[in-house]
Amino acid sequence: MSMLRRRFLKGLVATAATFALPIQVAFAKSYLTIAQAQKILWPDQKLTPAPVDLTEEQADLIEDLSDIRVRNHHINGWRSEDGGWFIVDQVIGKHENIDLAIAISAEGKVMGIEVLTYRETYGDQIMHPKWRAQFHGKDSSEFLKLDKQIRNISGATLSCRHVTDGINRLNHTWSSVLSKIAL
Amino acid sequence: MNQVSIKRCRPLLGTFVEVNLTAKMSEKALIHWSNIAFDEIERIHQTLSFHQLDSELSALNIALITAPNAQFTMSVDLQNVVTFAQQVFEQSNSYYDISIAAPLVASKHLPAHLFAYKAALLAQQFGCFADVNLEGNLISSAKPIFFDLGGIAKGYAVDQAISLLPKDITGSINAGGDMRVINWQKQTVEIKYGQRNSALKKLPMLNTALASSGSYYQESGSQYFDPKNKCYVKVNGSTSVFADSAMVADALTKVIVLMNRKDAEKVLNHFNAKGISINRFGFSRRIN
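Below: a short report on this structure. (Residues numbered from 1 in each chain as written. Chains lettered and ligands numbered in written order. Predicted model: local features only at pLDDT ≥ 70, side-chain atom pairs only at ≥ 80, totals over all residues. Heavy atoms only, no water.)

## Thoughts on the nonpolar core
Residue and element names in this part refer to chain B.
For step 1, the next point in the chain: Counting residues in hydrophobic clusters, the biggest one holds 118 residues, and the most contacted among them are Phe147, Ile152 and Leu252.
For step 2, the next point in the chain: Per-element accounting of this core gives the leading share, eight residues, to helix H8 (residues 246-256).
For step 3, the next point in the chain: When near neighbours in sequence (up to four residues on either side) are disregarded, phenylalanine 147 contacts Phe50, Leu57, Leu60, Asn61, Leu64, Ile98, Ser99, Phe129, Val132 and Ile139.
For step 4, the next point in the chain: In terms of nonpolar packing, the next biggest core, distinct from the first, is built from 12 residues, Met205, Phe242, Ile276 and Ile278 among them. (Core = buried A, V, L, I, M, F, W, Y, C linked by side-chain atoms within 4.5 Å. Buried < 20%, exposed > 50% of the residue type's maximum accessible area, 1.4 Å probe, protein only. Helix = DSSP H or I, 4+ residues; strand = E, 2+ residues; numbered from the N terminus. Contact = heavy atoms within 4.5 Å.)

## Observations regarding the sheet that holds strand E2 (residues 15-23) of chain B
Either a parallel or an antiparallel arrangement is found when strands of a sheet pair, and the pairing is made through backbone hydrogen bonds.
All names here are of chain B.
For step 1, the next point in the chain: Strand order in the open sheet formed by eight strands is E1-E2-E6-E7-E10-E13-E14-E15, and the pairing between neighbours is antiparallel. In this open sheet, the two strands that pair with only one neighbour each are strand E1 (4-12) and strand E15 (284-286). Recorded for the sheet is a direction-independent mean angle of 15° between the axes of neighbouring strands.
For step 2, the next point in the chain: Where strand E7 (residues 178-181) lies against strand E10 (residues 209-213), two bridges are found, and the strand directions are antiparallel. In the sheet register, arginine 180 faces E10, and the bridge partner there is alanine 209. (Pairing = 2+ DSSP bridges. Axes fitted to C-alpha atoms, helices over the stretch in contact; angles between N-to-C directions.)

## Here's the deal with the interface of chain A and chain B
For step 1, the next point in the chain: Chain A puts 36 residues into the contact, and the matching count from chain B is 37 residues.
For step 2, the next point in the chain: Summed over both sides, the interface of chain A with chain B buries roughly 3200 Å², with 50% coming from carbon and sulfur.
For step 3, the next point in the chain: The interface formed by chain A and chain B holds four salt bridges in total.
For step 4, the next point in the chain: At the boundary of chain A and chain B, one finds 17 residue pairs in polar contact (both at pLDDT 80 or more).
For step 5, the next point in the chain: Looking at the side of chain A that touches chain B element by element, the count peaks at six residues for strand E7 (residues 110-120) of chain A.
For step 6, the next point in the chain: Tallied by class, the residues present in the side of chain A that touches chain B amount to 18 nonpolar, 11 polar and seven charged. (Buried area = accessible area lost by both parts, 1.4 Å probe. Salt bridge = Lys/Arg side-chain N within 4 Å of Asp/Glu carboxyl O. Polar contact = N/O pair within 3.5 Å; in protein donor to acceptor, adjacent residues only side chain to side chain. Nonpolar A, V, L, I, M, F, W, Y, C, P; charged D, E, K, R; others polar.)

## So, the packing of aromatic side chains
Given two aromatic rings, one states the distance between the centres and the angle between the planes to describe the pair.
For step 1, the next point in the chain: The tally for this structure, following the rule as stated, stands at six aromatic pairs over all chains.
For step 2, the next point in the chain: Their ring planes at 75° and their centres at 5.5 Å tell us that A:Trp78 and A:Phe86 sit as a pair that is edge-to-face.
For step 3, the next point in the chain: Judged by relative accessible area, which is 14%, A:Trp78 ranks as buried.
For step 4, the next point in the chain: Look at A:Phe86 and you get buried, because its relative accessible area is 0%.
For step 5, the next point in the chain: Between the aromatic rings of B:Phe50 and B:Phe146, the centroid separation amounts to 6.2 Å while the plane-to-plane angle is 10°, which identifies the pairing as stacked. Highlighted residues: B:Phe50 in the loop between helix H1 (27-48) and helix H2 (56-66) and B:Phe146 in the loop between strand E5 (138-141) and helix H7 (150-163), separated in sequence by 96 residues. For the pair B:Phe50 and B:Phe146, one class covers both residues: buried.
For step 6, the next point in the chain: Within the aromatic cluster, the residues linked to one another by ring pairs are B:Phe89, B:Phe129 and B:Phe147.
For step 7, the next point in the chain: Here the basic side chain of B:Arg10 rests over the ring of B:Phe38, its NZ or CZ set 5.4 Å away from the ring centre. (Phe/Tyr/Trp six-rings, centres within 6.5 Å; stacked < 30°, edge-to-face > 60°. Lys NZ or Arg CZ within 6 Å of the ring centre and 35° of its normal.)

## Regarding the sheet that holds strand E8 (residues 188-192) of chain B
For step 1, the next point in the chain: Within the open sheet, the three strands sit side by side as E9(A)-E8(B)-E9(B). Their pairing is mixed. Where the open sheet ends on each side, the last strands, each with one partner, are strand E9 (153-154) of chain A together with strand E9 (200-204) of chain B.
For step 2, the next point in the chain: Taken together, the five bridges between E8(B) and E9(B) define a ladder with antiparallel strand orientation. Each bridged residue has a counterpart across the sheet, and for B:Glu190 the counterpart in E9(B) is B:Lys202.

## Brief notes about the packing of H8(B) against helix H9 (residues 261-270) of chain B
Residue and element names in this part refer to chain B.
For step 1, the next point in the chain: Relative to each other, H8 and H9 sit at 170°, their axes nearing to 10 Å. Classed by the angle they form, the pair H8 and H9 counts as roughly antiparallel. Residue-level inspection shows Leu252, Val255 and Ile256 of H8 in contact with H9, the latter providing Ala264, Val267 and Leu268.
For step 2, the next point in the chain: Along the lines of polarity and charge, the residues of the contact of H8 with H9 split into six nonpolar, no polar and no charged. (Parallel < 35°, antiparallel > 145°, perpendicular 65-115°, else oblique.)

## A word on the layout of surface pockets
For step 1, the next point in the chain: As a volume, the second largest pocket reaches approximately 350 Å³.
For step 2, the next point in the chain: Along the walls of the second largest pocket sit 15 residues, with A:Lys39, A:Ile40, A:Pro43, B:Ile31 and B:Asn35 positioned nearest its centre.
For step 3, the next point in the chain: The class makeup of the residues in the lining of the second largest pocket is five nonpolar, three polar and seven charged. (1 Å grid on protein atoms, 1.4 Å probe; cavity = no way out; pocket = protein on both sides within 12 Å on 5 of 7 lines; lining within 4 Å. Points joined across faces, edges and corners; volume = space filled by probe spheres on them.)

Next comes the structure, spelled out in C-alpha cells:
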C-alpha cells in the first residue's frame, strides 16, 4: 500500500470514528451566568469588554512560568473602571471540564473565583472533540443533561486541584501580559 | 415579594463548595447571605487548614510536636472540633483518630512547614489520640503528635455557615459531598456509588446532613486509613451517613467503613445517625 493511500485511509478512519463514537450523556451543573458572576465579583464597578489574544511567545512564556498548558490563546476578559479584570476561563481536568469566572484586582490579586458550569464524564467521551470544544455555556442539549431543577447530590470528595492549576496559570498570564495593558 | 434563588459554587476547602439558597427577598439580599455563608466557610478553612502554615491548626501541630506536654489554648472553633473528635474516638473504640501521623510522615503528603521536622518526626515515638489530654479549651499530649482535621473541618464549616442564615432562607450547602439541606423533610438526595455518570442512587433524606465515603474517584482521598491494622481500605459503592450535623455525618462515614456491622450500628445509634450502604450495583440497605 502506498504512503499516500495509507495516510488517506488513516484520515478516513479517524473521521469515521468521530461520527461513530456514541455520545454519552455527561453530568453537568450550571451555577451563575456570566452576568450574575460579574455582579457578584465586581458589584460596584462597570465592566468593559477587553478581550486579549495571546501571541505564541506570550503563551509559551506563560506555559514555562506556570508549568501548565495554555490551551486557549483567547482571553475572554473585561476591564473594571479601576484597572482590575474579570475573566471567563476554562479548566480541563481528566474527568472535569469547568467554566470559571475570576476577578483580579488592579494589583494582580485574585479577589474571587466562581464556578459557572461544571461538567464531569468518565466515558470514552473524553476522546470526543465535542467534549473538548465545550466552552462558554455553548452546550449542545443532545450532548448534556443540564439539570434545570436543584438536585441534592452527594458523593465522596473530588479535589479542585485542576482549578488551582488554572488559577496559577492565570496569575502568570496577569503578571506577564495583562498587567502591562493600559486601561 | 417574589421568591428568588441563587446557585453558586466556589473552589474552597480543597474541593467544590456549593451554596444553593432560595427566599422571598431581593436578589441583592440573597447574594449578601450567600456571601456570608462563603465567608464563614473561608474563615473556618483558614483556622483549621492542615496545609496552611498560618492556620491555628498548624500552630497547634507544631506545638504538639515540639513541646507536647505544654498546654495549648484553643479557639472556640478548634475546641469544638477537637472535643468532638475525642468523643468519636472513644465511641468508635479508637477507630476514629485524627492523629494520623504515621502514614502522613511516610508519604509525600506532609506540608512543608511540618516537613521541616521530618527527621525529628521519623526519629520519634508518636502517640495516638489516647495520649491527648483535653481540659476545656486547653490541650496537651503525653507524646509528640499532630492532627489532620480533614473531613470534620469541612462538615463543621458547613454547619457554621448554615447557622448564620436567617430562618426565612431555604436551600442547601454542599462542600465536596458533605451536605446540609435546610428543609430536608420530603426531599430526596442522589448518592454517587460508582464512576459512571448514571451511578446515582435516589433516596429520601433521613436527616438534615449527609456525608458519603467512596473510592470511585481513585484519588488519594479515596483510601481510608485503618489505624488499628495500619493499612488503607477501599470502599466499594458508597457508605453514607445521615445525621443532625455535617460534622457528625462526616466523622461517622469515615469510621463505619472500618468497623463490623454490630459496632457500626452502636456508634451510629449513639450519635442519632442513620447509615446506608450502597453496593456497586446500586442496591442499598440500611446499616442501622
